Amino acid sequence: MSAPVKHADGTAGLAEAVAAATGESVFNCYQCGKCTAGCPLAEEMDLAPNQVLRLLQLGQPGMDEEVLGSLSIWLCLTCEQCSTRCPQEVDIPKITDWLRQESQRRGVANKKAKAILAFHKSFLDTIRRGGRLHEVGLITTFKLRTWRLFQDVLVAPKLLARGKLSILPHRIEGHAGVKRIFERCEAEPANPAHKGDQA
Amino acid sequence: MRFGFFPGCSQEGSSREYQESLREVASRLGIELAEIPDWNCCGATAAHTLNHRLALALPARTLALAEQAGLDEVVVPCSACYNRLAGTRHELLHDEALRQQITDIIEMNWHGATRILNVLEWLNRVAGELPGHVSAPFGHRVACYYGCYLTRPKALAACRRIEDPIEMDELVRAVGAEPIRWAYKVECCGAGLSVSRTESVARLSERIVSDAVERGAEAIVVACPMCHTNLDLRRDAILAAAPPGGRSRLASIPVLYISQVIGLAMGVSPRPLGLHRHHVPVRLSAAPPSVAPVAPGEGEE
C-alpha cells in the first residue's frame, strides 16, 4: 500500500489505526462519492460512506469521535457494493467492521444502534452455547435485550405451523471446543495491532 | 458424483425448504451430498461486526473439519455462509501469520485443501445432467435475484459479470423458464437487519419486488435464505412500505429457491420441495411452457 497513512501535518489518529489493523489507507479515497451513490442505506445514515472517509482523512479534533459515535457504521449491511465499485479499491466494509469494534472498545456506540447490537450479541450468545444458531433462542434473547416483546408475534405462529421453528436448540458435539474459541477470541482485543494507540 | 455439503443454520430451521429441495434435486441427479461432520455456525454478520478474530475462527473450525473428512469440494447453499467460509479461506491462505493464530485458536490443523462452492457454481457444474431430467419445463417469466454475496466481493465472486450476472438466468432457461431483464439483480435486500430494523429491510425489499412485478415476472428466484426471508416472510412489511396504489400487485408474486424451480421442472411434486412452507403461496398457473428448454450456454444473452 503506497498511499500515506498519516495526516499531512504528521499527526496520527484513527486513520493510522485503521491502516495498521486493516491494511486500508483512507487517503486512497478521492471523494468521488460512488460509494454513497450505490449504498442502499445511505439515505438513512447520519454520515454518508464518503463522509466517514472524509472525516478520517481530515482527522481534526472531534472528527474521529464523530465517526466512532455515528449510526452509519452500524447500518452498513456489508453488501460490498461500495468496495466493488470504488475506483480506488478502498475496502470500506473492512474499515467499517474495524470502526464498529473500535467503537465498542471505547464504549461510544451510537444509542440508535442499540437494537442492531442487541441482535448481533443475541445471535452470538446462541452460537456460544450450542455451536449453531437456534432461532427461537435468538429471538427470545433479542426481545429481552430490547424489550420489543411484541415484535413479530404474528410471524412466529406462521413459522411454527410451517415446521420452520425448532423449539429446542441443537447442540453440536464439539460445543465445548466452540466455547473455547469464543473465550480465546474475546479474551484480548479483536485487533491486537491496536493496543495502546488510543488517545 | 460426490460433494461435501454445508447446510448452514437457517436451513435446519426457517429456510429448511432450501435444503429439502437441494437434496431432492441432487438425489435425482445421482449426486451424493456428504454433510461436514459436526459443522458449526459461520458466525454470519454478527461475528464479523463484533469480533474479527471470531469471524475467522468459527468458519475455520468447519473448514478444518471438512479437510479432516477428506472433502475436496464443499457446496454451501447460503450466500452469506458462502461469503464467510470462502472469505475466511481466502484470508487465511494469503496471511501465514493470521493462519497460525487462527489454527492455534481452533486447536486444529488446516491447510486449505477443501474448496468452497456456492450454489450457482455447483449447479452449473452439474447442469449438463439436467436436460435428460426435465419432464415439466418451468414455463414462467422469472426475475433471477442474486443479491450481494454471489457477485461480491470480487475476490470471491462466483459470477463472471459483477453488475449483471447471468449464471442463474442460464440455469432457469435450461429448465424452461424465461429470465427477465431487470434492474435489481444485485441490489441488497437488507439482509441481517431483518429483525433489528425491519422497516429498512422492507423499504429495500419493496423496490426489488416492485421492479420484478413491473417488468412482468411471475416469480422471483433466489439462491440465499436471507434473500428469501426478506422477500417472502417479510412481504407484509414490504406491502406496508409500498405506495398505497400498488400494494395488491405486490402481494402475490412468489419467491422460489433455484433448487425448487429445478425440482418442479424435474417433475418433483411441491411438497418434497417444501413449497408449502412459504409465506407467499406458490400458485403458478399450469400454463403450457412459453419457452422451450435450452441447454446451458446455448441460450441467447
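The structure presented is a predicted model; accordingly, all values stated were derived computationally and were not measured. (Residues numbered from 1 in each chain as written. Chains lettered and ligands numbered in written order. Predicted model: local features only at pLDDT ≥ 70, side-chain atom pairs only at ≥ 80, totals over all residues.)

**A few points about the overall build of chain A**
Part 1 of the reasoning: Scanning chain A for helices and strands turns up eleven helices and zero strands.
Part 2 of the reasoning: Listing every helix and strand of chain A by position from the N terminus yields α-α-α-α-α-α-α-α-α-α-α.
Part 3 of the reasoning: Its C-alpha atoms give chain A principal-axis dimensions of roughly 60 × 35 × 30 Å.
Part 4 of the reasoning: When the 199 residues of chain A are sorted by exposure, 43% land in the buried category.
Part 5 of the reasoning: Restricting the contact set of chain A to residue pairs at least 6 apart, pairs at least 24 apart contribute 65%. (Helix = DSSP H or I, 4+ residues; strand = E, 2+ residues; numbered from the N terminus. Buried ≥ 20, exposed ≤ 12 C-beta atoms within 10 Å, placed from the backbone. Contact = placed C-beta atoms within 7 Å.)

**A short note on the domain arrangement of chain A**
Part 1 of the reasoning: Assigned domains within chain A: domain 1 (14–108) and domain 2 (113–187).
Part 2 of the reasoning: For domain 1 of chain A versus domain 2 of chain A, the distance between C-alpha centres works out to 29 Å. (Domains from an automatic or database assignment.)

**Considering helix α3 (residues 52–68) of chain B**
Part 1 of the reasoning: In this model α3 of chain B runs 25 Å from its N-terminal to its C-terminal C-alpha over 17 residues, within 8% of the 24 Å that 1.5 Å per residue would give.
Part 2 of the reasoning: Once α3 of chain B ends, the next one or two residues include Gly-70 of chain B, with phi positive near 75 degrees. (Expected span 1.5 Å × (residues − 1).)

**Overview of the confidence of the model for chain B**
For residues with low pLDDT, the predicted coordinates do not support detailed interpretation.
Part 1 of the reasoning: In the predicted model, chain B carries a mean pLDDT of 93, and 95% of its residues have values of at least 70.
Part 2 of the reasoning: Per the prediction output, this complex has pTM 0.92; the corresponding ipTM is 0.90. (pLDDT = per-residue confidence, 0-100.)

**Observations regarding the sheet that holds strand β6 (residues 178–179) of chain B**
Either a parallel or an antiparallel arrangement is found when strands of a sheet pair, and the pairing is made through backbone hydrogen bonds.
All names here are of chain B.
Part 1 of the reasoning: Taken in spatial order, the four strands line up as β6-β5-β7-β8 in an open sheet, and their pairing is parallel. Taken across any chain shown, the strands that pair with only one partner, and hence form the sheet edges, are β6 and β8 (255–257).
Part 2 of the reasoning: Bridge count between strand β5 (residues 141–144) and strand β7 (residues 219–222): three bridges; the pairing is parallel. Its bridge partner being in β7, Cys-144 is matched across the sheet by Val-221.
Part 3 of the reasoning: Relative to β5, helix α7 (residues 167–174) is tilted by about 155 degrees, and along the sheet it contacts β5, β6 and β7. (Pairing = 2+ DSSP bridges. Axes fitted to C-alpha atoms, helices over the stretch in contact; angles between N-to-C directions.)

**What to know about the environment of Asp-38 of chain B**
Part 1 of the reasoning: Looking at the element boundaries, Asp-38 of chain B is found in the loop between β2 (32–35) and α2 (44–50).
Part 2 of the reasoning: Considered as a pair, Asp-38 of chain B and His-48 of chain B are ten residues apart in the sequence and their alpha carbons are 22 Å apart.
Part 3 of the reasoning: Excluding anything up to four places from it in sequence, Asp-38 of chain B contacts Ile-172, Glu-173 and Gly-174 of chain A together with Leu-65 of chain B.

**A look at the nonpolar core**
Residue and element names in this part refer to chain B.
Part 1 of the reasoning: Among the nonpolar cores identified, the biggest contains 157 residues, and Ile-220, Val-221 and Val-261 are the most heavily contacted of them.
Part 2 of the reasoning: Broken down by element, this core gets its largest block of residues, ten residues, from α3.
Part 3 of the reasoning: Excluding residues that lie within four positions of it along the chain, Val-261 makes contacts with Phe-138, Val-172, Val-175, Ala-177, Val-221 and Leu-256. (Core = buried A, V, L, I, M, F, W, Y, C linked by C-beta atoms within 7 Å.)

**Concerning the interface of chain B and chain A**
The parts lose accessible area when they come together, and the size of an interface is often stated as this lost area.
Part 1 of the reasoning: Facing the 46 residues of chain B at the interface are 47 residues of chain A.
Part 2 of the reasoning: Of all the secondary-structure elements, those providing two or more residues to the side of chain B that touches chain A are α2, α3, α5 (96–106) and α8 (198–214) of chain B.
Part 3 of the reasoning: Counting residues per element, the side of chain B that touches chain A draws most heavily on α2 of chain B, which supplies seven residues.
Part 4 of the reasoning: Broken down by class, the residue content of the side of chain B that touches chain A amounts to 20 nonpolar, 15 polar and eleven charged. (Nonpolar A, V, L, I, M, F, W, Y, C, P; charged D, E, K, R; others polar.)

**Some points on the sheet that holds strand β3 (residues 73–76) of chain B**
All names here are of chain B.
Part 1 of the reasoning: Spatially, the four strands line up as an open sheet ordered β2-β1-β3-β4, and their pairing is parallel. Edge strands, defined here as strands with exactly one partner in the open sheet, are β2 and β4 (115–118). Neighbour-to-neighbour, the strand axes of this sheet turn through a mean angle of 40 degrees, independent of strand direction.
Part 2 of the reasoning: Both β3 and β4 contribute to a ladder of four bridges, which runs parallel. Of the residues in β4, the one forming a bridge with Val-74 is Ile-116.

**A short note on the pairing of strand β1 (residues 2–5) of chain B**
Residues and elements named next belong to chain B.
Part 1 of the reasoning: Bridging between β1 and β2 involves four bridges; their strand directions are parallel. Across the sheet, the residue bridging to Arg-2 is Glu-32, located in β2.
Part 2 of the reasoning: Regarding the hand of the β-α-β motif, the stretch spanning β1, helix α1 (residues 16–28) and β2 is right-handed.
Part 3 of the reasoning: By the bridge criterion, two bridges tie β1 to β3 in an arrangement that is parallel. In the strand pairing of β3, Phe-5 is matched with Val-75. (Right-handed = clockwise from strand over helix to strand, strands pointing away.)

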